[in-house]
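If you want the building blocks of each chain, they are given just below.
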Amino acid sequence: MATSSSRPPRTDPLTLEVVELIGTVVARYHEEYEEAAGEHALTGAQARVLGLLSLEPVPMRRIAQKLKCEPSNITGIVDRLEARGLVERRPDPADRRVKLAAPTDEGRQVARSLRESLSFAREPLAELTHEERLSLRGLLRRMIGESPEDTAD
């Protein structure tokens, strides 16, 4: 196990620069995401929920956990998405007491359009080789405490 003397201090110039760079990437991504959401008359939170649901139907509680917010906030967001015809609630086939939020066909189209309009997230990554993207993914997963091998290429 590494001792505290073998770890670089948290205020060393390289660490500070990396933290600033991560902050810049995150800020630019959120700014572009908010703009893309606005083009579809969605809030950023609504767009994030719709994007998550476009992968698979998800229980409301798990949406809240993934987005790190209160379940009651997710209920309101899903209510608004449902009113626009982008999301529907359906029983979970594994446990009919649980409601899944799932995108409608229109919701999937809007989510796809949102993803396609996020050039900032895509274009810089296109400059990296496949191996560099794999390495970056592994490092980011390690930073958040996940195993780099959690999913296949």
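Residues numbered from 1 in each chain as written. Predicted model: local features only at pLDDT ≥ 70, side-chain atom pairs only at ≥ 80, totals over all residues. Heavy atoms only, no water.

1. Focus: unusual backbone geometry
Cut-off, in case you're wondering: Strands are runs of DSSP state E lasting at least 2 residues, helices are runs of H or I lasting at least 4, and numbering of each runs from the N terminus. A simple rule labels every residue: compare its accessible area, found with a 1.4 Å probe on the protein chains alone, to the largest value its type can have, and call it buried under 20%, exposed over 50%, or partly exposed in between.
Phi at A41 is positive, roughly 55°, even though this residue is not glycine. As for its position among the elements, A41 is in the loop between α1 (13–39) and α2 (44–53). Even without glycine at this site, K68 takes up a positive phi of about 55°. The residue K68 is located in the loop between α3 (60–67) and α4 (71–83) in this model. Looking at K68, the relative accessible area reads 74%, which means it is exposed.

2. Section: the nonpolar core
The cut-off we apply is this: The definition of a nonpolar core used throughout is a set of buried Ala, Val, Leu, Ile, Met, Phe, Trp, Tyr and Cys residues joined through side-chain atoms within 4.5 Å. The contact criterion used is simple: two residues touch if any of their non-hydrogen atoms lie within 4.5 Å.
Core analysis: the biggest nonpolar cluster contains 24 residues, and L42, V49, I63, I74 and V87 have the highest contact counts within it. Residue assignment for this core shows that the elements contributing at least two residues are α1, α2, α3, α4 and α5 (105–117). Ranked by residue count, the leading element in this core is α2, at 5 residues. If sequence neighbours within four positions are ignored, V87 has contacts with L50, L53, V78, L81, E82, A101, A102, P103 and T104.

3. So, a nonpolar patch on the surface
To keep it simple, the criterion reads: Within the patch definition used here, like charges are joined within 9 Å and nonpolar side chains (Val, Leu, Ile, Met, Phe, Trp, Tyr) within 5 Å, considering only residues with over 30% relative accessible area and no salt bridge. Each accessible area value is a Shrake-Rupley result obtained with a 1.4 Å probe; residue values ignore everything except the protein chains displayed when judging cover. Each salt bridge in this description consists of a side-chain nitrogen of Lys or Arg and a carboxyl oxygen of Asp or Glu lying within 4 Å of one another.
Taken together, the side chains of L14, V18, I22, V26, L125, L136, L140, M143 and I144 make up a nonpolar region of the molecular surface, amounting to roughly 790 Å² of accessible area. At the level of elements, α1 and α7 (130–143) are the ones that each hand at least two residues to the nonpolar patch. At 4 residues, the largest contribution of residues to the nonpolar patch is made by α1. Among the secondary structure elements, V26 is positioned in helix α1. Classification of V26 as partly exposed rests on a relative accessible area of 42%.

4. Points about the layout of surface pockets
Over the atoms rolls a probe the size of a water molecule, and in doing so it shows where empty space is left. Which entries qualify depends on this criterion: Of the two site types, the cavity is a set of points on a 1 Å grid over the protein atoms alone where a 1.4 Å probe fits but cannot get out, and the pocket is an open set with protein on both sides within 12 Å along at least five of seven lines, each lined by residues with an atom within 4 Å of a point. Grid points are joined across faces, edges and corners, and a volume is the space filled by probe spheres set on the points. Polarity classes work like this: nonpolar for Ala, Val, Leu, Ile, Met, Phe, Trp, Tyr, Cys and Pro, charged for Asp, Glu, Lys and Arg, and polar for all others, with Gly in that last group.
Of the volumes computed, that of the second largest pocket is approximately 270 Å³. As for the second largest pocket, its lining consists of L14, T15, V18, V19, I22, R142, M143 and I144. Contributing elements (two or more residues each) for the lining of the second largest pocket: α1 and α7. Taken together, the residues that form the lining of the second largest pocket break down as 6 nonpolar, 1 polar and 1 charged.

5. Remarks on the packing of aromatic side chains
Put simply, the test is: Any two of the Phe, Tyr and Trp rings considered here, Trp counted by its six-membered ring, make a pair once their centres fall within 6.5 Å; the pair's planes then place it as stacked at under 30 degrees, edge-to-face at over 60, or tilted in between.
Enumeration according to the criterion identifies 1 aromatic pair in this entry. Here the aromatic rings of Y29 and Y33 are separated by 5.6 Å at their centres, their planes lie at 35°, and the arrangement is tilted. With Y29 and Y33 both in helix α1 and 4 residues apart, this pair spans about one turn of that helix.

Shape is all these values report; function is a separate question.
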